[in-house]
Amino acid sequence: MALRMWASSTVNALRISCVSNSHLSPAFSLSRCFSTVLDGLKYASSHEWVKHEGPVATIGITDHAQDHLGEVVFVELPEPGGSVSKGGSFGAVESVKATSDVNSPISGEVVEVNSKLSESPGLINSSPYEEGWMIKVKPSSPSDLESLMGPKEYTKFCEEEDAAH
């Protein structure tokens, strides 16, 4: 713990940040929480990510969020065919520390849910951007994506949010 605090202080003092251009190797930001932030995704201030590919957008919680939650033990997800609204809750993540609502960064129709999470909720901790995705949505308003943060903005947002706490 002391080493992590020292490393965190050093990283913040030096303002170290590293972002990769490859979507295959994780881009990351060395911030207070050492969270991974990927290029090619959009981020909400409530710590959800969106990957928009063709007619479908995949949504999950960020590495920053899962790190703060701790070990995830249960995930509540909506049924396919339902709708989600930008900023509205679509489910919950229960960890050993707390239960948190998960908000949708965009509006649309839920076309798929990650059924693996019911048996293995820890996928959110071990692979938040790949195996730990939560829902896939057909966006009803693609312009919702324009109001979300890119990787650099989200990294800065997390650093400022952590510094305030």
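Keep in mind that what you see is a predicted model, and the values were worked out from it rather than measured. (Residues numbered from 1 in each chain as written. Predicted model: local features only at pLDDT ≥ 70, side-chain atom pairs only at ≥ 80, totals over all residues. Heavy atoms only, no water.)

## Some words on the pattern of salt bridges
- Within the structure shown, the criterion is met by two salt bridges.
- Here E53 and K51 are joined by a salt bridge, their closest N and O atoms 3.7 Å apart.
- In this structure, K156 and E160 form a salt bridge, with 3.8 Å as the shortest nitrogen-oxygen distance. Within this pair, K156 and its partner E160 are both found in helix 5 (residues 151-164), separated by four residues, close to a single helical turn. (Salt bridge = Lys/Arg side-chain N within 4 Å of Asp/Glu carboxyl O. Helix = DSSP H or I, 4+ residues; strand = E, 2+ residues; numbered from the N terminus.)

## Points about the confidence of the model for the protein
- A residue-level look at the protein finds 79% of positions with pLDDT of 70 or above and a mean pLDDT of 83.
- In the model, residues 1-33 has pLDDT below 50 throughout and makes 48 contacts with residues more than four positions away in sequence or in other chains. (pLDDT = per-residue confidence, 0-100. Contact = heavy atoms within 4.5 Å.)

## Quick look at a nonpolar patch on the surface
- Taken together, the side chains of V73, F74 and V96 define a hydrophobic patch exposed on the protein surface, amounting to about 270 Å² of accessible area.
- Inspection of the secondary structure assignment puts V73 in strand 4 (residues 72-76). (Patch = residues over 30% accessible without salt bridge, like charges linked within 9 Å, V, L, I, M, F, W, Y side chains within 5 Å. Areas by Shrake-Rupley, 256 points an atom, 1.4 Å probe, with all protein chains shown as cover.)

## A few points about the UniProt feature "modified residue: N6-lipoyllysine" (unreviewed entry) in the protein
- UniProt marks K97 with the feature "modified residue: N6-lipoyllysine" (unreviewed entry), using the numbering shown here.
- Among the structural elements, K97 can be located in the loop between strand 6 (89-95) and strand 7 (99-103).
- On the accessibility criterion, K97 (59% relative accessible area) is exposed.
- Ignoring any residue separated from it by four or fewer positions in sequence, one finds K97 in contact with D67, H68, L69 and G70.
- Reaching out from K97, the side chain makes a polar contact with the backbone oxygen of H68 at a distance of 3.4 Å. (UniProt positions renumbered as here; feature names shortened; annotations may be inferred. Buried < 20%, exposed > 50% of the residue type's maximum accessible area, 1.4 Å probe, protein only. Polar contact = N/O pair within 3.5 Å; in protein donor to acceptor, adjacent residues only side chain to side chain.)

## A closer look at the packing of aromatic side chains
- Enumeration according to the criterion identifies three aromatic pairs in this entry.
- A ring pair is formed by W49 and Y129, whose centres lie 5.8 Å apart and whose planes are at 55°; its orientation type is tilted. Here the residue W49 occupies a position in strand 2 (residues 48-53), and Y129 occupies one in the loop between helix 4 (123-126) and strand 9 (135-139), the gap between them amounting to 80 residues. Comparing W49 with Y129, the two get one shared label, buried.
- When the centroid spacing of 6.4 Å and the interplanar angle of 25° are considered together, the rings of Y154 and F157 count as stacked. Here the residue Y154 and the residue F157 both occupy positions in helix 5, the gap between them amounting to three residues, near one helical turn.
- Owing to a relative accessible area of 0%, Y154 belongs among the buried residues under this scheme. (Phe/Tyr/Trp six-rings, centres within 6.5 Å; stacked < 30°, edge-to-face > 60°.)

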